[in-house]
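What follows is each chain in one-letter form.
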Amino acid sequence: MLFHGRGIAIALVTSVALPVLPHTAAALPSTEKGRISVDQVMEMIAKADTSTVARQVLVAYVAGVGETAGAVVDTMGGKGPVSCARPFSLDAVSLRAILKSGAPRQDSWSQTPATPIIVADMIKRAGCRIGN
């Protein structure tokens, strides 16, 4: 799969995110720099099965992470064509594993930004590289 400019296709979420109440994602504090923490994402994952609002927040967050991964790959393309062996993908099971692997010390989760860990993993698992 070859990505050029704005033609990046990301198939991350098959459902549509409904409007979400902004205060829901703030149940746990974000990092000191205001980034979404691993703690916050883990809480959304834990509550997604029983809370419609938590599920909606998680879907919206995952969609945003997909957009971020696409933007990163798009930016990489400025240095040459970017090819990815597989499409980006993400689900709750892999999301939990990615975060546990990327931030193994649970006592640091409240200050560890989740998005950079997830984006880096998505790009790696998709096998993206610059050039032929």
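What comes next is a walk through the structure. All figures in this text were calculated on a predicted structure; none of them were measured in a lab.

**Regarding the packing of helix 2 (residues 52-76) against helix 4 (residues 114-126)**
Next, step 1: Between helix 2 and helix 4, whose axes approach to 9 Å, the crossing angle comes to 60 degrees. For the element pair helix 2 / helix 4, the angle class is oblique. Where helix 2 crosses over helix 4, the handedness of that crossing is right-handed. Side by side, helix 2 and helix 4 meet where Y61, V65, G66, T68, A69, V72 and V73 of the first sit next to A114, T115, I118, V119, M122 and I123 of the second.
Next, step 2: By residue class, the composition of the contact of helix 2 with helix 4 is ten nonpolar, three polar and no charged.

**Describing the pattern of salt bridges**
When charged atoms on two side chains of opposite charge get close, those side chains can pair.
Next, step 1: One pass over the structure, following the stated rule, counts three salt bridges.
Next, step 2: With its nearest N and O atoms 2.9 Å apart, the salt bridge here joins R105 to D107.
Next, step 3: What makes D107 exposed here is its relative accessible area of 59%.
Next, step 4: Here R125 ties to D121 by a salt bridge, and the two come within 2.5 Å at their closest N and O atoms. Separated by four residues within a single helix, R125 and D121 lie in helix 4, roughly one turn from each other.
Next, step 5: What makes R125 partly exposed here is its relative accessible area of 32%.

**Some thoughts on the state of the cysteines**
Next, step 1: If you walk through the whole model with that rule in mind, you get one disulfide.
Next, step 2: There is a disulfide in this structure between C84 and C128, and the S-S distance comes to 1.9 Å. With the S-S dihedral at roughly 105 degrees, the linkage between C84 and C128 falls on the right-handed side. Of this pair, C84 sits in the loop between strand 2 (82-83) and helix 3 (92-102) while C128 sits in the loop between helix 4 and strand 3 (129-130), placing them 44 residues apart in sequence.
Next, step 3: The class of C84 is buried, set by a relative accessible area of 2%.

Parameters and conventions
- Residues numbered from 1 in each chain as written.
- Predicted model: local features only at pLDDT ≥ 70, side-chain atom pairs only at ≥ 80, totals over all residues.
- Heavy atoms only, no water.
- Axes fitted to C-alpha atoms, helices over the stretch in contact; angles between N-to-C directions.
- Helix = DSSP H or I, 4+ residues; strand = E, 2+ residues; numbered from the N terminus.
- Parallel < 35°, antiparallel > 145°, perpendicular 65-115°, else oblique.
- Left-handed = near helix turned anticlockwise from the far one by under 90°.
- Contact = heavy atoms within 4.5 Å.
- Nonpolar A, V, L, I, M, F, W, Y, C, P; charged D, E, K, R; others polar.
- Salt bridge = Lys/Arg side-chain N within 4 Å of Asp/Glu carboxyl O.
- Buried < 20%, exposed > 50% of the residue type's maximum accessible area, 1.4 Å probe, protein only.
- Disulfide = S-S within 2.5 Å.

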